[in-house]
Amino acid sequence: MYAATSEEMRRLDARTITEIGIPAAILMENAGRQLACAVQCLDRGQSLAEGGMRVPEGFGRGRRPGESAADTASCGRPWALLVGKGNNGGDGLVAARHLQEAGIPVCIVYAHSPDTLRGEAALQRDIAVRLGIPWEVYEPGRLAWKGCAGLVDALLGTGTKGAPRAPYDALIREANASGLPIVAADLPSGLDADTGEAYAPCIAARATVAFALPQRGLLQHPGAALAGEVAVAPIGIPGALVEDERIPVQALTAEVLRQSLGADPEHARASDSHKGTYGHVLAAAGSAAMSGAGLLCSTAALRAGAGLVTWAVPETLAPALAGLRPELMLAPLPDGGRGDWAQVDPVALAELAGQRDALVLGPGLGRFPQGDAAWLRRLWEALPAELPLVLDADALGALAEADDFAQWPRRSGAVVLTPHPGEMGRLTRTGTAEVQRDRIACAMRYARDHAVTLVLKGARTVIAAPGGRAYVNPTGNPGMATGGTGDVLSGIVAALLAGGLEGPAAAALGVYLHGAAGDRAAARRRTPGSLIASDVIEAL
Ligand SMILES: NC(=O)C1=CN([C@@H]2O[C@H](COP(=O)(O)OP(=O)(O)OC[C@H]3O[C@@H](n4cnc5c(N)ncnc54)[C@H](O)[C@@H]3O)[C@@H](O)[C@H]2O)[C@@H](O)CC1
Ligand SMILES: [K+]
């Protein structure tokens, strides 16, 4: 499912109106009707999914502590529709009419005088007046919130620029403080539609109805949390136009994996296959203090379906690591008796890797005292150009030391980088906060500029392909924020590369399976906090 920027959405709306000839009032009618439908779900004590609305994979959410299914039933109390002066407000006015028709009491609260509405929104205002729907204009501190069943946030939509100004700011604060369930029209007011960044203040919604396509900002935190459960509602924008717009960002689903990326989440195997069919991974990972990272990475590669996995280690460490996992082969590399990677010749590692189908480098390597970028560059140049490569953890630290990575010789094989936000901040020479501010754009830019597949980890991991497309993963849970899960992911991706998938497909499928395994593993435990990385491997 595509996720649009506000500019892409504006273009789609405009083309639907001008090229196809569907009047704007019809789009608004469809949007408002779907918004009313969501209110009716909550009014019946149902989630949007339970009420039959289309909630894509990963867009649902459980109830927060203290919430019950029944706490949204109106019991004769009105739903207040908070209406801004743009078209988002117009959607709210349409919803008010449909709710009144359905016998649900409503009242309209205009942020500004209703005289300020224009176009289709003004049309809806006039209809609401003729139908006798009660209304008032917001005055700070004067609203009787306690008498309401819930709120509809139709204040600001995709036409918003920057933080909500008066009177929206005060109204949003009062709405959040009321504790009432809020259904947001298109996106929570105060959310940056493109980045998912929340301005102060921002509506914290129980549910959001995204019109036609979800905004990009709904895919990333904090937007994803502030939107609550998200239903994506068709409003009449033709699918052919959406395809024609060539929107680069998609929410990852099993269907997107199969259709856009040619990767099968079911991982079916041909009956006449053999271990050679599934490739041989070389995992260069682990050191004296962090041998577990190497074990997790190579075991995950086995569980993810690699035909064979060899674990390369500095030779001094090999005796202690032999036999930890009987299915693994061990490749000791001369280390001058020091037991660390800094003494291992990168050319020797490249020779070993050249006989395999994919190399994963990085988990638990330890940082080298100096010159690690030079070490990595020597390896990069010694490796066969077509060999698929995953760089993770300490290998990314080494890469971040290089001033000229964009000028390194391009590889014909896949290169997948799997940074967490801190590592990404170092790779981009910005910082974690800057990366997190607009994760999707940051990942897309890096992938394009460096011709790599970039996996930006964290809640709602972003997979950006060198060709410009990006995918946002819905699977996974906070229990996976524990040491070693990253090592597991890089092992999985390496296995999928060795099995023959392209970089973006291997990365997207790997992230998806990793999260899904984490979800299964968390479901088996009493609290997600007790999840450990080995559980994720066992759940693969
Ligand atoms: N034809 C269309 O374009 C459709 C649009 N629809 C709705 O229309 C919305 C977009 O409508 P608009 O483009 O009118 O914009 P909005 O309804 O998002 O509101 C923009 C209004 O808020 C003001 N504003 C902008 N930034 C502000 C800020 N930071 N603080 C306070 N006020 C601010 C603007 O001056 C403008 O009056 C969508 O989100 C969707 O809900 C739907 O009705 C479907 C069809
Ligand atoms: K809104």
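Note that the structure is a prediction, hence the values are computed from the model and not measured.

Student: For this particular structure, what's the right way to read the pairing of strand β7 (residues 229-233)?
Tutor: Counting buried residues in β7 gives 5 out of 5 residues, a clear majority hidden from the surface. Residues E229, A231 and A233 line one face of β7 and the alternating positions V230 and V232 line the opposite face, and both faces are buried. Both strand β6 (residues 207-211) and β7 contribute to a ladder of 5 bridges, which runs parallel. Bridging from a neighbouring strand, F211 pairs with A233 of β7.

Student: Is there a simple way to explain the pairing of strand β15 (residues 453-456) in this structure?
Tutor: Looking down a regular strand, the side chains alternate between one sheet face and the other. Side chains of β15 alternate between two faces, with T453 and V455 and L454 and L456 buried alike. Pairing of strand β14 (residues 415-417) with β15 involves 2 bridges; the strand directions are parallel. The partner of V416 across the bridge, within β15, is T453.

Student: Can you walk me through the side chain of N473 in this structure?
Tutor: By the element assignment, N473 lies in the loop between β17 (470-472) and α17 (485-498). Among the residues examined, N473 registers a relative accessible area of 2% and is labelled buried. A polar contact is formed between the side chain of N473 and the side chain of T475, at a distance of 2.9 Å. Apart from residues no more than four positions distant in its own chain, N473 is found in contact with L252, R460, T461, I463, V511 and Y512.

Student: Help me understand the sheet that holds β14, please; the structure alone is not making it clear to me.
Tutor: The pairing of strands in a sheet happens through backbone hydrogen bonds and is either parallel or antiparallel. Within the open sheet, the 10 strands sit side by side as β8-β17-β16-β15-β14-β13-β12-β9-β10-β11. Their pairing is mixed. Two strands lie at the open edges of the sheet, namely β8 (249-251) and β11 (329-333), each paired on one side alone. Within this sheet the neighbouring strands show an average axis-to-axis angle of 20 degrees, counted without direction. Bridge count between strand β13 (residues 389-391) and β14: 3 bridges; the pairing is parallel. Opposite V390, over in β14, you have V416 as the bridge partner.

Student: What exactly am I supposed to notice about the coordination of the potassium ion (ligand 2) here?
Tutor: For a metal bound by four donors in tetrahedral geometry, the ideal donor-metal-donor angle is 109.5 degrees, whereas six donors in octahedral geometry ideally sit at 90 or 180 degrees. Coordination of the potassium ion (ligand 2) by the protein is provided by N88 (OD1), D153 (O), L156 (O), A185 (O), L187 (O) and S189 (OG), with metal-donor distances spanning 2.7 to 3.2 Å. The coordination sphere of the potassium ion (ligand 2) comprises 6 donor atoms, whose angles at the metal cover 67 to 171 degrees; the geometry is irregular. Within one chain, the residues donating to the potassium ion (ligand 2) are spaced in sequence as N-x64-D-x2-L-x28-A-x1-L-x1-S. A residue is classified by how much of its surface remains accessible, and D153, at 0% relative accessible area, is buried.

Student: Explain the site of ligand 1 here, please?
Tutor: Around ligand 1, a shell composed of 23 residues is seen, among which D91, G157, K161, A163 and D186 lie nearest. Within the side chain of D13, an N or O atom sits 3.0 Å from an oxygen atom of ligand 1. In this structure, an oxygen atom belonging to ligand 1 sits 2.8 Å away from a side-chain N or O atom of N88. Protein burial of ligand 1: of its 880 Å² of free accessible surface, 82% is covered by the chains. For the shell around ligand 1, the elements supplying multiple residues, two or more each, are α1 (6-20), α2 (24-43) and α3 (87-101). Ranked by residue count, the leading element in the shell around ligand 1 is α3, at 3 residues. Looking at the shell around ligand 1, its residues break down into 9 nonpolar, 8 polar and 6 charged.

Student: Help me out: how do you make sense of the nonpolar core in this one?
Tutor: Taken as a class, soluble globular proteins show a tendency for nonpolar side chains to be buried jointly. Within the largest apolar cluster, 66 residues are counted, with the highest numbers of intra-cluster contacts made by W341, L349, L361, L391, L399 and L417. Sort the elements by how many residues they give to this core and helix α16 (residues 439-450) lands first, with 6 residues. Each residue touching W341, except ones within four places of it in the same chain, is listed here: A284, A285, G286, S287, A312, V313, P314, L333, L349, L365, F368 and W375. If you look at the next biggest cluster of nonpolar residues, it comprises 54 residues, including A263, A318, V390 and L513.

Student: Explain the pattern of salt bridges to me, please; I cannot follow it from the model alone.
Tutor: A side chain of one charge can pair with a side chain of the opposite charge when the charged atoms of the two come close. By the definition in use, this model includes 20 salt bridges. E29 serves as the salt-bridge partner of R97, at 2.8 Å between the closest nitrogen and oxygen. With R97 in helix α3 and E29 in helix α2, this residue pair connects regions lying 68 residues apart in the sequence. E29 carries the same exposure label as R97, and that label is buried.

So, how was this worked out
Residues numbered from 1 in each chain as written. Chains lettered and ligands numbered in written order. Predicted model: local features only at pLDDT ≥ 70, side-chain atom pairs only at ≥ 80, totals over all residues. Heavy atoms only, no water. Buried < 20%, exposed > 50% of the residue type's maximum accessible area, 1.4 Å probe, protein only. Helix = DSSP H or I, 4+ residues; strand = E, 2+ residues; numbered from the N terminus. Pairing = 2+ DSSP bridges. Polar contact = N/O pair within 3.5 Å; in protein donor to acceptor, adjacent residues only side chain to side chain. Contact = heavy atoms within 4.5 Å. Axes fitted to C-alpha atoms, helices over the stretch in contact; angles between N-to-C directions. Donors = N, O, S within 2.8 Å, 3.2 Å for Na, K, Ca; no water. Tetrahedral: all angles 85-135°; square planar, octahedral: opposite > 155°, others 65-115°. Near = heavy atom within 4 Å. Areas by Shrake-Rupley, 256 points an atom, 1.4 Å probe, with all protein chains shown as cover. Nonpolar A, V, L, I, M, F, W, Y, C, P; charged D, E, K, R; others polar. Core = buried A, V, L, I, M, F, W, Y, C linked by side-chain atoms within 4.5 Å. Salt bridge = Lys/Arg side-chain N within 4 Å of Asp/Glu carboxyl O.

Purely geometric stuff here, so don't read any function into it on its own.
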